Amino acid sequence: MNNKSFENTEAMELYSQNFYHSFVLDNGKVWPNFMQLSQTFHHLFFHFNMALDEDLSQRIMNIYKPYLSLDPTYFNDFSNFISKVIYKDNDNSFSLQYKLFYGIIASTTIGLEVLALDFENKFKLYGGEISWLQEGIKCENIPKHIKSFAKINDILAHNPRILHWTHFGEFDNGLTFFVFQSAIILTTIHRYATIISALNIFVKKDIMDNKFTDTNEINKFIENNEINKLKDKYILNHIEYEDFNWHGEKCLYVDEFDWKTNAKYFFSDYAEKEMDFLEKEFKSLDSLSNNINDNENIFNKKNGIEKYVEIVFGIQDREYDYKNTNKTLTINLKTLIKQIACFPEKLQEENLDVLLQRIDKNNLIRLIFLVTAIKQKICLTFFAKAFDEFFGNKKKFNH
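Heads up: these notes are all about the structure in this document. (Residues numbered from 1 in each chain as written. Predicted model: local features only at pLDDT ≥ 70, side-chain atom pairs only at ≥ 80, totals over all residues. Heavy atoms only, no water.)

1. Describing the layout of surface pockets
What the largest pocket holds in volume is close to 530 Å³. Around the largest pocket, the lining comprises 23 residues; the ones closest to its centre are Trp259, Lys260, Glu306, Glu310 and Lys377. Sorting the residues of the lining of the largest pocket by element identifies helix H11 (259-270), helix H12 (272-290), helix H13 (302-312) and helix H17 (361-398) as the ones contributing at least two each. With six residues, H17 is the largest single contributor of residues to the lining of the largest pocket. Counted by class, the lining of the largest pocket contains nine nonpolar, two polar and twelve charged residues. (1 Å grid on protein atoms, 1.4 Å probe; cavity = no way out; pocket = protein on both sides within 12 Å on 5 of 7 lines; lining within 4 Å. Points joined across faces, edges and corners; volume = space filled by probe spheres on them. Helix = DSSP H or I, 4+ residues; strand = E, 2+ residues; numbered from the N terminus. Nonpolar A, V, L, I, M, F, W, Y, C, P; charged D, E, K, R; others polar.)

Right under this line is the structure:
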């Protein structure tokens with residue numbers, strides 16, 4: 001760790017009206033005060049020099065908050081969830097430096113350049129090891145267990161079904177809590193990055209409809225010109241989503257291993273605080289679905305959406321009639337759901353235009369929240385299953 005010190009003893013406001021609220025770290029350190037943000041949007045959004053005292057997160061939120069906060073109660077709950085899981089020191093054994101580095105690699109593998117750069121800035125501000133940023137994931141100073149999770153990070157983000165117990169070969173029993181905490185942190189950042197990536201489709205449409213001033217500058221902000229350089233630096237395996245091969249691959253049946261019956265209890269045992277935050281957020285999302293009464297409420301299709309996302313990643317429910325999904329979801333809606341879950345950076349405005357003829361924008365934004373939550377459960381389910389097999393095989397080898 002660099003010798004950058006944090007002498008202040010008072011809690012400071014890290015961000016104003018965005019995801020990240022005031023907090024003091026458990027180890028007694030506090031975040032340094034960021035410069036007062038300019039009232040001029042041109043300066044606030046687009047000075048891309050990335051000086052350490054610039055608050056890139058504020059610029060991100062100034063663009064995306066109008067889309068995120070259409071349901072204020074849920075927005076606050078989701079904001080608190082992000083803040084607690086990613087930024088709060090919940091466990092002295094899991095440093096904020098590790099979490100911020102996870103932020104870099106997780107947002108990079110999703111393909112969201114601006115968020116990766118934001119995490120890089122925070123990593124520097126916290127006093128993280130600069131060699132990690134200079135040399136990337138191949139840096140010899142990065143602990144072995146962090147490097148091992150860099151490979152798991154890519155798999156969780158794109159093809160969680162291929163996660164195998166052998167991917168945990170670098171871990172011993174003393175790192176079990178770290179392993180499960182890491183899985184929640186990484187999938188939370190994947191989810192956050194996916195939401196922002198998916199919302200870009202609405203930003204682009206509003207640019208076309210002249211709802212933004214400084215259109216050229218906003219286009220610069222959402223461009224991903226340097227993402228391939230970031231991937232070369234921080235990604236070990238360039239994995240992309242591949243369709244499940246129903247003729248050559250074995251699916252995961254929910255009656256054999258699923259989130260509610262199996263996976264969530266692993267995380268409750270080994271990542272109790274993070275799991276508590278996650279469960280509260282999932283309940284908040286369910287509450288949101290119960291409080292929307294309009295006829296086109298996307299949550300009326302929730303069961304069909306959940307079953308469709310599961311089947312996309314190779315999870316099957318033997319008791320569910322999948323013909324119902326085809327009755328509930330149109331082809332265009334299924335296309336959008338799959339793009340959100342599998343490759344949000346490739347969303348096309350054409351699909352959005354067709355859907356907006358039948359479903360309003362607010363419901364499509366709610367769909368993004370719902371699909372990303374479903375995917376996070378799926379990823380954590382595959383993770384828990386693979387680690388359970390790792391435990392079992394390790395016991396066999398020890399005997």
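2. Focus on helix H15 (residues 331-342)
Its twelve residues place the ends of H15 16 Å apart at the C-alpha level, agreeing with the 16 Å of an ideal helix rising 1.5 Å per residue. Every buried residue belonging to H15 is among Leu333, Lys334, Leu336, Ile337, Gln339, Ile340, Ala341 and Cys342, and all of these are buried. (Expected span 1.5 Å × (residues − 1). Buried < 20%, exposed > 50% of the residue type's maximum accessible area, 1.4 Å probe, protein only.)

3. Quick word on empty space enclosed by the protein
Summed over the entire model, instances satisfying the criterion amount to four cavities of 30 Å³ or more. When its volume is computed, the largest cavity comes out at roughly 80 Å³. Taken together, the residues of the lining of the largest cavity break down into two nonpolar, five polar and two charged.

4. Points about helix H3 (residues 72-87)
Between its first and last C-alpha atoms H3 spans 21 Å; for 16 residues at 1.5 Å apiece the expected length is 22 Å, and the two agree. For H3, every residue scored as buried is listed here: Tyr74, Phe75, Phe78, Ser79, Phe81, Ile82, Ser83, Val85, Ile86 and Tyr87.

5. What about the packing of aromatic side chains?
For the coordinates displayed, the defined rule picks out 33 aromatic pairs. With centroids separated by 6.3 Å and ring planes inclined at 15 degrees, the aromatic side chains of Tyr98 and Trp132 adopt a geometry described as stacked. Taken as a pair, Tyr98 in helix H4 (residues 96-110) and Trp132 in helix H6 (residues 130-135) lie far apart in primary sequence, 34 residues in all. Each member of the pair, Tyr98 together with Trp132, is buried. Taking the centre distance of 6.2 Å and the plane angle of 10 degrees together, the rings of Phe180 and Phe266 count as stacked. Here Phe180 is found in helix H8 (residues 176-208), whereas its partner Phe266 is found in helix H11, with 86 residues between them in sequence. Residue Phe180 shares its accessibility class with Phe266, and that shared class is buried. The positively charged end of Lys122 is found above the aromatic ring belonging to Phe119, 5.7 Å away from the centroid. (Phe/Tyr/Trp six-rings, centres within 6.5 Å; stacked < 30°, edge-to-face > 60°. Lys NZ or Arg CZ within 6 Å of the ring centre and 35° of its normal.)

6. Regarding the state of the cysteines
According to the stated counting rule, one finds zero disulfides in the structure shown. This cysteine, Cys379, is not joined by any disulfide, and Cys342 carries the nearest cysteine sulfur, 9.8 Å off. (Disulfide = S-S within 2.5 Å.)

7. What about the pattern of salt bridges?
Taken as a whole and judged by the stated rule, the model has 16 salt bridges. Between Lys338 and Asp243 there is a salt bridge; the shortest N-O distance is 2.6 Å. Here Lys338 is found in helix H15, whereas its partner Asp243 is found in the loop between helix H10 (227-234) and strand E1 (252-253), with 95 residues between them in sequence. Measuring nitrogen to oxygen at the nearest pair gives 3.1 Å for the salt bridge that ties Lys264 to Glu279. Taken together, the residues span a long stretch of sequence, with Lys264 in helix H11 and Glu279 in helix H12 at a distance of 15 residues. Across the pair, exposure class does not vary: Lys264 and Glu279 are buried alike. Through salt bridges with shared partners, a single network forms among Asp255, Glu256 and Arg318. (Salt bridge = Lys/Arg side-chain N within 4 Å of Asp/Glu carboxyl O.)

In short, shape yes, function no, at least from these values alone.
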